[in-house]
Amino acid sequence: MNSPSEMFFTPKPVKMHVCQLLSLLSATVVLRNTLAYLDECDSAPSVCGAQAAGDIMIGIMLPCHRKVKAVQERIRPENYHCSDFDFSTFVRSLAAIYEIEELNAAGFLPGVHLGYMMCDTCSYASKALQNVGHMLAVNNSIDVKCNYTNFRPRVKIILGALYSEVSIALARLLNVYMVPLLSSGSTSPELSDKLRYPVFMRTVPSDKHQTKALAKLMDYYTWNWVGVVYGDDDYGKAAFQSFLTDAEANSVCLAYQEELRHYLDDSHTKDRIEQIAHVIRSSSAQIVLLILKSELVEVFFQEMIRTNTSKVWISTDAWSRSSSLALMDGINKIGDILGFTFVALKSESFDNYLKNLTATPGGYNHFITEYKNMRFNCSSECFSNNPPFYCANLLRVKSSSACTLSDPEGQNDDFLVKATDTSEPYLIRVAVRAISHALKKLLKCNSSFCTGEINFPPWKLLKELKKITFEFDNQTFFFDENGDFVNGYDLIMWETDGPHRIFQRIGRYSILDDQIELEVKEFNWLSTSNTSIPKSRCSERCPPGWVKKIFNVSCCYNCSQCTEGTYSDAWDLHDCKTCPNGTWSLKGETHCKPRWESYLRWSDPHPITMVAAAAFGVLVLLVTFTIFLVYRDSPPMKRAEVKLSCVMMAGLAVSFASVVCFMGKPTLHLCQARQVMYAMGFTLCVSCILVKAYRTFLAFLPFGQLTNWRLHKLYKPPVIVIIMTTFQGIICLLWLIFDSPDVDDTPPSPQSMTKIIQCREGKTYIGFGIMLSYIALLALVGFLLAFKVRKIPQEFSETGYIIFSMLMYLFVWVCFIPVYITNTEESTPVQASAILVSNYGIIFCHFLPKSFEALSRSKTDTLESILRRWRVTSSPNLDSEMETDTTSQRSCRFSVSSTSTMLKSSGTLNEICPTDEVIIPKSNDKINFYAVSFRQGTKVTMRRRSISF
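As the structure is a computational prediction, the values presented were derived from the model and not from experiment. (Residues numbered from 1 in each chain as written. Predicted model: local features only at pLDDT ≥ 70, side-chain atom pairs only at ≥ 80, totals over all residues. Heavy atoms only, no water.)

Draft legend 1. Expanded view of the overall build of the protein. When you go through the protein residue by residue, the secondary structure sums to 31 helices and 27 strands. Residue pairs at least 24 apart in sequence account for 70% of intrachain contacts in the protein once pairs closer than 6 positions are excluded. A total accessible area of about 44,100 Å² is found for the protein, and carbon and sulfur atoms account for 55% of it. (Helix = DSSP H or I, 4+ residues; strand = E, 2+ residues; numbered from the N terminus. Contact = heavy atoms within 4.5 Å. Areas by Shrake-Rupley, 256 points an atom, 1.4 Å probe, with all protein chains shown as cover.)

Draft legend 2. Structural context of the environment of Tyr221. For Tyr221, the location among the structural elements is in the loop between helix H6 (208–220) and strand S9 (225–231). C-alpha of Tyr221 to C-alpha of Lys535: the two residues are 314 residues apart in sequence and 8.3 Å apart in space. Leave out the neighbours within four places in its chain, and Tyr221 touches Leu338, Ile506, Leu518, Phe523, Trp525 and Ile533.

Draft legend 3. Here's a closer look at the pattern of salt bridges. Per the counting criterion, the structure on display carries 19 salt bridges. Among the ionic pairs, Lys346 bridges to Asp351, the shortest N-O distance being 3.6 Å. Using a relative accessible area of 48% as the deciding quantity, one classes Lys346 as partly exposed. Here Lys665 ties to Glu597 by a salt bridge, and the two come within 3.2 Å at their closest N and O atoms. Remark: Glu597 occurs in strand S24 (residues 596–598) and Lys665 occurs in the loop between helix H20 (642–660) and helix H21 (668–699); sequence separation between them is 68 residues. Note on Glu597: relative accessible area 26%, which makes it partly exposed. Shared partners join several salt bridges into a network, and the residues in it are Glu99, Arg429 and Arg433. (Salt bridge = Lys/Arg side-chain N within 4 Å of Asp/Glu carboxyl O. Buried < 20%, exposed > 50% of the residue type's maximum accessible area, 1.4 Å probe, protein only.)

Draft legend 4. Region of interest: the state of the cysteines. Throughout the structure, instances matching the rule amount to nine disulfides. Covalently, Cys253 is tied to Cys555 through a disulfide, its sulfur atoms 1.9 Å apart. One disulfide, between Cys253 and Cys555, carries an S-S torsion of 90 degrees and so falls in the right-handed class. Taken together, the positions of Cys253 in strand S10 (residues 253–260) and Cys555 in the loop between strand S20 (546–550) and strand S21 (557–561) put the pair 302 residues apart, joining distant regions of the chain. Each member of the pair, Cys253 together with Cys555, is buried. Between the sulfur atoms of Cys562 and its disulfide mate Cys576 the distance is 2.0 Å. The disulfide joining Cys562 to Cys576 has a torsion of about -95 degrees about its S-S bond and is therefore left-handed. Here Cys576 lies in the loop between strand S22 (566–567) and strand S23 (577–578) and Cys562 lies in the loop between S21 and S22, a separation of 14 residues in the sequence. (Disulfide = S-S within 2.5 Å.)

Draft legend 5. View of the packing of aromatic side chains. In total, this model carries 43 aromatic pairs according to the counting rule given. Where Tyr98 meets Phe350, the ring centres are 5.3 Å apart and the plane angle is 50 degrees; that geometry is what we call tilted. Remark: Phe350 occurs in helix H11 (residues 348–355) and Tyr98 occurs in helix H3 (residues 87–106); sequence separation between them is 252 residues. A single burial state applies to Tyr98 and to Phe350, both of which are buried. Relative to Phe415, the ring of Tyr371 has its centre 6.5 Å away and its plane inclined at 15 degrees; by these criteria the two rings are stacked. (Phe/Tyr/Trp six-rings, centres within 6.5 Å; stacked < 30°, edge-to-face > 60°.)

Draft legend 6. Local environment of the pairing of strand S11 (residues 287–291). In terms of residue burial, S11 counts as a mostly covered element, since five of its five residues are buried. Residues Ile287, Leu289 and Ile291 point to one face of S11 and Val288 and Leu290 to the other, with burial holding for every one of them. Pairing geometry for S9 and S11, over five bridges, is parallel. Within S11, the position partnered with Val228 by the bridge is Leu289. Handedness of the β-α-β unit built from S11, helix H9 (residues 294–306) and strand S12 (residues 311–315) comes out right-handed. (Pairing = 2+ DSSP bridges. Right-handed = clockwise from strand over helix to strand, strands pointing away.)

Draft legend 7. View of the sheet that holds S11. Taken together, eight strands build an open sheet; the order of strands is S10-S9-S11-S12-S13-S17-S18-S19 and the sheet is mixed. In this open sheet, the two strands that pair with only one neighbour each are S10 and strand S19 (515–518). Ignoring strand direction, the axes of neighbouring strands in this sheet form an average angle of 25 degrees. Two elements, strand S18 (residues 500–510) and S19, share four bridges in a ladder whose sense is antiparallel. Bridge pairing links Arg508 to Glu517 in S19. The sheet contacts of H6 involve S9, S11, S12, strand S13 (335–342), strand S17 (489–497), S18 and S19, and relative to S19 the element is tilted by about 60 degrees. (Axes fitted to C-alpha atoms, helices over the stretch in contact; angles between N-to-C directions.)

Draft legend 8. Focus on the sheet that holds strand S7 (residues 181–183). As summarised here, the arrangement of the seven strands in space is S8-S7-S6-S2-S5-S1-S14, forming an open sheet in which the pairing is mixed. Where the open sheet ends on each side, the last strands, each with one partner, are strand S8 (200–202) and strand S14 (364–365). Two elements, strand S1 (residues 50–52) and S14, share two bridges in a ladder whose sense is antiparallel. Directly across from Gln51, in S14, lies its bridge partner Tyr364. On the sheet, helix H5 (residues 164–177) packs against strand S2 (56–62), strand S6 (155–160), S7 and S8 and is oriented at approximately 160 degrees with respect to S7. Sheet contacts for helix H16 (residues 426–442): S2, strand S5 (114–120), S6 and S7; angle to S6, the most-contacted strand, approximately 155 degrees.

Draft legend 9. Examining the nonpolar core more closely. Among the nonpolar cores identified, the biggest contains 133 residues, and Phe90, Ile314 and Leu416 are the most heavily contacted of them. Here this core takes eleven residues from H16, the largest share from any one element. In contact with Leu416, other than residues within four places in its own chain, are Phe87, Phe90, Val91, Leu94, Leu354, Leu357, Tyr371 and Thr422. Tyr678, Met724, Leu778 and Val812 belong to the second largest nonpolar core, which has 68 residues in total. (Core = buried A, V, L, I, M, F, W, Y, C linked by side-chain atoms within 4.5 Å.)

In structure tokens form, the structure reads like this:
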């Protein structure tokens, strides 16, 4: 016979009317569940053991007993009788009642009071189906209808069941009425199928996530060499196959895989366990995953204890919280045990509720009465001298009829808190919270009242329940598309507690991001006797920066470093990752990062020093300029040519300013500006120095009279300076047009993390070389002219200063060229430093001495006294060898205080010196002076051809 769901979805072409089939099916179910109403079920307590009235009723269907009595002897459809009271599941049902009472007390649904009806499934599907008929009955019966869209039973939702087998049976029946079934314990992946079980939802994840969590746990602790022992039943085989897929995805390899028959009475079971134990002991894998039922694990651990085998055991939810295993003798000998359980959270208020256990006011709870009768009946026999676990086992076989206390209902203690894990029912409480949030939305509640219809069809609540997202205890909960919670698992460690073990929560597994989150990161491992994590690997891990070079088995490999431009940022990666654009890494790096941009930053010491030096140079020029203007009529300033010197200062100021353009991050305009500013400024300064050297050279020109006249005609300082500077400007212009400086785009070295941001002086550097060569040529010409007349007294000329400053410039830039070529990374600061040294050399040689002379107000000698000292110094017998009129010469002294005065036009010079010849040396004189022809407008010069020492 087809199931109800299959009959419900019968296609239209079927001849029999769907409504008739539904009527037949529903009648069959209802008759079985309502026959008892004729005799025994006239009172509710005969079917459901706890109830509290309310505006909206919630059905609670959980097992308070472990089994149904004599089910194999049942031949009549009479009521079921249950046995073996179960404290842990009893606490689960109390958690649901507690949460309902908390919601009512808090007024979560204003004006709406929640009630409940609790029935015991006794861990039996047929008993649960019997309870459904009672919960959904309207006026003690369920009318058979073709359409249950407007079906309004008193129970709007059923909370349960605990086991998947029971939930599957309930869900198939509730599909007919579309009454939601919300479980906090059924984990079968089958129930995720919404085509078959559209009314089923759960606050626990599906079992398909557990094997993924196990593989993630191994990956978290870097265990990639593990053994697996699994049962040959459906549970073991399915879980093992799922684990194989998840293990491969997390790079976990199996050192061995052993199958164990799940029948304990099999004669070969013991031999098989001994064989598996030998494989485990001989393997290098320290991690063993047991996908077995708890009773098989107990037999297996007995062999491990007997052979003193210590490993790290990984449990599944089938035995991760098994109290019988935790109380085994010698359990501490087998090593560490870890496992996953559902999310749990202890509540102090719930513990207090259990310590003061009473039925809901206005309702009844026969399960509490049964518990108290057992609990306080054996208080002297058990609870005073034995641990809670022992009492829990003993109370299962006790009969409530043996109670010797007159009023056990008034008795309370903390037995349930000690005997059970009160954090385990946490998801039952979460389920009640989910229902309340769905009701709040369905009933359109605000802070004052609810406006929605209270007697609604259950399918409306199911619709809202699928869409809710809510927070509880600082956690966010919601259902996925399959009606499952994705809140993950709790990770527990079996810690030692004397000779036994206790369960300690150390972390959790998040399903949404597949991550293990530890709350207790360091704890003592029995395998290592300290906080060091046990190792179980075929090969040592490859650290970040290295990758695997796999051999035959994926977990056995060598490690190799990542090359430049690639990286690995995690352990045991298979391939190096390529650095994204704009980043780089060196060999063996664990991450990529942008290259450090190297340039003269304003905040660095070196640039600050150079900018300060440039600023100080400009300040010195301003002070010198002021001195030159103030003392412009003094003899030292006349000899220094104030106007020409001011032009030099302007050029040096521009050259100093170019240093500032060397600082900061280079741009195209900065690269062009700094070279042009330096070229034009320093060319202007050197041109003025060249004019000074040329002037001195003309004053003592060692050539013939015709040549003298021609060279005199060329002496036009403004023209010379303008032409020389303009020529440099033309060079710079052509340079900017055809091979302009720009930002260097040469890629950095693969072995370097520094990206040098600097200017490139053109692609060919021809313009840069011509510019520097032109300045060097001017400096060299000035140096040669000054060197030619180097023995002229310093009071008369600046040849010494010119020679020294030009030598300094040439020396600095000759040193600059090889440094610039060989060390391009430091070319920018080197050129800036060379500019500063050249500028300061000119300041110290040309301006500071003249400023000092002007400030010291030194007396200036006449030209004659200067020449006389020069002649005396040059030739001691000079006066005796000259034939001239001494008296006439004395009367024709030159009142010349500077060389520039000598070069000025003199219209009255004939009147002062009537003779055309100043000095007439003999033909054999060692020092010969040319006669000077004085004409109106002719410049007067004094020249010396040669000096013999």
